[in-house]
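Observations on the model geometry
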Amino acid sequence: NEKIEGRLEPGAYFIKVFGVQASQNDYVLLKTSGVTATEQAEMVGEVEVNDYTGLRPGRTRVDLPFTAPEGALIHSLTIRDLHLEHTWLRDLRITASWNGVQRGVVWNLQGDNQGRDGGEDDDDLPLTGGDIDLDDRTYEGFSGLPATGLFSLEIQDLMPRDTGVLDRLFVEVEYLIP
C-alpha cells in the first residue's frame, strides 16, 4: 500500500490504473481545498490488558473520538505516543480501527528471533516482558476516510498467564478541509 500525493493545477485530468493478474485495491481520489487541520485525542489514565482466559483471547479496546468539519477527509493518522507494559510481549496483537473497520496492525506477536514473526525488525526485544514504546508512527490505511469518527486500538492477548497495562495513547489526525 502506498499513498501517491500530488497537487494539480485546475483542469481536466484522466487517470488510468493498471493491475497485475486479479489484483484488487481500493483507490481514493480527493478533491479538496488543499488546506489541512489537525485534531488530537489522548487516552486518560491506565487500562489493564485483559488476559487470555477459557480458550478465548483477552481483548482490550480503547476508543478515541474525533470531530472535524463536515466533508473533511483524513490525510494522515499518526500514533504520536503509545506505551504498553506486558510480561510477555510475544503474546500480543494490536490493531487500529476507524469506525469499527480495522485499518492497521500496530503490533503482531513481535519480538521472536530468527524471523519467525514475519521478519519484523524487533529481534532485540527482551525474551519475556518489557515495553512497547512507539512514537510518531503513521498508518496510511486511514487516508481518505471521513475525519469525523471513532479511532479504536484493540489489544489481543493470545496466551494465558501474562499481564500488562496500557498507560499512554496519543493519536493525531491531519485532515483535508473540503
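These notes cover the structure that comes with them.

Parameters and conventions
- Residues numbered from 1 in each chain as written.
- Predicted model: local features only at pLDDT ≥ 70, side-chain atom pairs only at ≥ 80, totals over all residues.
- Heavy atoms only, no water.
- Helix = DSSP H or I, 4+ residues; strand = E, 2+ residues; numbered from the N terminus.
- Buried < 20%, exposed > 50% of the residue type's maximum accessible area, 1.4 Å probe, protein only.
- Contact = heavy atoms within 4.5 Å.
- Areas by Shrake-Rupley, 256 points an atom, 1.4 Å probe, with all protein chains shown as cover.
- Salt bridge = Lys/Arg side-chain N within 4 Å of Asp/Glu carboxyl O.
- Phe/Tyr/Trp six-rings, centres within 6.5 Å; stacked < 30°, edge-to-face > 60°.
- Pairing = 2+ DSSP bridges.
- Axes fitted to C-alpha atoms, helices over the stretch in contact; angles between N-to-C directions.

1. Quick look at the overall build of the protein
Regarding its fold elements, the protein presents zero helices and nine strands. For the protein, the succession of helices and strands along the chain, N to C, is β-β-β-β-β-β-β-β-β. Across the 178 residues in the protein, those meeting the buried criterion constitute 36%. Counting contacts in the protein only where the partners sit at least 6 residues apart, residues at least 24 apart contribute 81% of the total. When the accessible surface of the protein is split by element, carbon and sulfur atoms take 48% of a total near 11,200 Å².

2. Section: the pattern of salt bridges
Enumeration according to the criterion identifies six salt bridges in this entry. Close ionic contact of Arg168 with Asp81 constitutes a salt bridge, the shortest N to O distance being 2.7 Å. Taken together, the residues span a long stretch of sequence, with Arg168 in strand β9 (residues 164-176) and Asp81 in strand β4 (residues 73-86) at a distance of 87 residues. A relative accessible area of 18% places Asp81 in the buried class. Taken together, the salt bridges that share partners define one network made up of Arg80, Asp136 and Glu172.

3. With respect to the packing of aromatic side chains
Counted under the stated rule, the structure contains three aromatic pairs. Seen from their ring centres, Phe66 and Trp98 are 5.7 Å apart, and the 40 degrees between their planes marks the pair as tilted. Placement of the pair is Phe66 in strand β3 (residues 58-66) and Trp98 in strand β5 (residues 92-98), with a sequence separation of 32 residues. For Phe66, a relative accessible area of 2% gives the class buried. Geometrically, the ring pair formed by Phe142 and Phe151 is tilted, given 6.1 Å between the ring centres and 40 degrees between the ring planes.

4. Observations regarding unusual backbone geometry
Located in the positive-phi region is Asn99, a residue other than glycine, with phi close to 50 degrees. Inspection of the secondary structure puts Asn99 in the loop between β5 and β6 (101-108). Of note, the phi angle at Asp136 is positive, near 55 degrees, even though the residue is not glycine. The residue Asp136 is located in strand β7 (residues 130-139) in this model.

5. What about the pairing of β5?
Of all the seven residues making up β5, six are buried; the element is thus mostly covered by neighbouring parts of the structure. Here seven bridges tie β5 to strand β8 (residues 149-157), and the two strands are oriented antiparallel to one another. The partner of Trp98 across the bridge, within β8, is Phe151. Where β5 folds back on β6, the antiparallel hairpin that results is connected by two residues, among which Asn99 adopts a positive phi of roughly 50 degrees.

6. Some thoughts on the sheet that holds β3
Note: strands within a sheet are paired through backbone hydrogen bonds, in either parallel or antiparallel orientation. The sheet built from four strands is open, its strands ordered β3-β8-β5-β6 with antiparallel pairing. Looking at strand neighbours, the two that pair on one side only are β3 and β6, the edges of this open sheet. In this sheet, adjacent strand axes meet at a mean angle of 20 degrees when their direction is disregarded.

7. A look at the side chain of Thr95
Mapped onto the secondary structure, Thr95 falls in strand β5. Taking the relative accessible area as the measure of exposure, Thr95 reaches 2% and is therefore buried. In contact with Thr95, other than residues within four places in its own chain, are Gln102, Gly104, Val105, Val106, Ser152, Leu153 and Glu154.

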